[in-house]
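What the coordinates show
The residues making up each chain are set out below.
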Amino acid sequence: MISKTEEEPGYVLFVTVGTTSFDALVSCVALPSFLRAIRSLGFRRLTVQYGRGAEPTPPLPGQDAPDTPACDAYRFRPSLRHDMAAADVVLTHGGAGSLMEILGAAGSGGGRPPVCVAVPNPALMGGHQAELCGALAERGYCLDVSIGAG
């Protein structure tokens, strides 16, 4: 598990792809440049739930790498509630189940749900995730972002 002290000030980022695979998203959050960037923004911990997809590549640096948050990754757990409740920000695929669970989670910010950043997976079912994420973003429930080609 994570060895950097839990008392260290900073934010917690949880990335989830639910029961699917979304290797493009998982690979992006494992990039050294992404890890350095979120650390510079005050994130002290990153947990990645990568579902049926590949483990993060490049491998996450672990717990004590300089200039990066403490990192942890897993395929599945019986429940994501603990990780969602501990997170300040949840970066998720655009699956309906994951989005509803995040929006119902009590985050670390005084009982409010964590900030939800939704990334639709364009490889799934004709763009339905993009439609759902767009509708939720229009109503202020999440930020709707995409992964660029470069």
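Refer to the structure presented above.
As a starting point, this report considers the structure included with it. Here the structure is a predicted model, which is why all the values come from computation and not from measurement. (Residues numbered from 1 in each chain as written. Predicted model: local features only at pLDDT ≥ 70, side-chain atom pairs only at ≥ 80, totals over all residues. Heavy atoms only, no water.)

1. Points about a nonpolar patch on the surface
Together, V115, L143 and V145 line one region of the surface with nonpolar side chains, adding up to about 240 Å² of accessible area. Along the polypeptide, V115 turns up in strand 5 (residues 115-119). (Patch = residues over 30% accessible without salt bridge, like charges linked within 9 Å, V, L, I, M, F, W, Y side chains within 5 Å. Areas by Shrake-Rupley, 256 points an atom, 1.4 Å probe, with all protein chains shown as cover. Salt bridge = Lys/Arg side-chain N within 4 Å of Asp/Glu carboxyl O. Helix = DSSP H or I, 4+ residues; strand = E, 2+ residues; numbered from the N terminus.)

2. Points about the nonpolar core
By size, the foremost hydrophobic cluster in this structure holds 20 residues, and its most contacted members are L13, V15, L25, L46, V48, L60 and L91. Elements with a minimum of two residues in this core: strand 1 (11-16), helix 1 (23-30), helix 2 (32-40), strand 2 (43-49), strand 4 (89-93) and strand 5. If you tally residues by element for this core, the top one is helix 1, at 4 residues. When near neighbours in sequence (up to four residues on either side) are disregarded, L60 contacts V29, A30, L35, L46, V48, C71, D72 and A73. With 15 residues, the next largest nonpolar core counts L80, L99, L136 and C142 among its residues. (Core = buried A, V, L, I, M, F, W, Y, C linked by side-chain atoms within 4.5 Å. Buried < 20%, exposed > 50% of the residue type's maximum accessible area, 1.4 Å probe, protein only. Contact = heavy atoms within 4.5 Å.)

3. Quick look at the packing of helix 1 against helix 2
Between two packed helices, the angle of one axis relative to the other and the distance separating the axes together describe the packing. At their nearest, the axes of helix 1 and helix 2 sit 5 Å apart, and the two run at 60° to each other. Compared by their axis directions, helix 1 and helix 2 come out oblique. Contacts between helix 1 and helix 2 pair C28, V29 and A30 from the former with P32, F34 and L35 from the latter. Considered class by class, the residues forming the contact of helix 1 with helix 2 number 6 nonpolar, no polar and no charged. (Axes fitted to C-alpha atoms, helices over the stretch in contact; angles between N-to-C directions. Parallel < 35°, antiparallel > 145°, perpendicular 65-115°, else oblique. Nonpolar A, V, L, I, M, F, W, Y, C, P; charged D, E, K, R; others polar.)

4. Here's the deal with the packing of aromatic side chains
By the definition in use, this model includes 1 aromatic pair. Measuring from centroid to centroid gives 5.4 Å for Y11 and F43, while their planes differ by 50°, and the two rings are tilted. Here the residue Y11 occupies a position in strand 1, and F43 occupies one in strand 2, the gap between them amounting to 32 residues. According to the relative accessible area criterion, F43 is buried, its value standing at 12%. Over the face of the ring belonging to Y74 we find R77, whose NZ or CZ atom lies 3.7 Å from the ring centre. (Phe/Tyr/Trp six-rings, centres within 6.5 Å; stacked < 30°, edge-to-face > 60°. Lys NZ or Arg CZ within 6 Å of the ring centre and 35° of its normal.)

5. Focus: helix 4 (residues 96-104)
Within helix 4 the residues assigned to the buried category are S98, L99 and I102. Angularly, the buried residues of helix 4 cover 95° about the axis, an arc narrow enough to put them on a single face. The exposed residues of helix 4 that point more than 90 degrees off its buried face are G97 and G104. (Arc of directions from axis to C-beta.)

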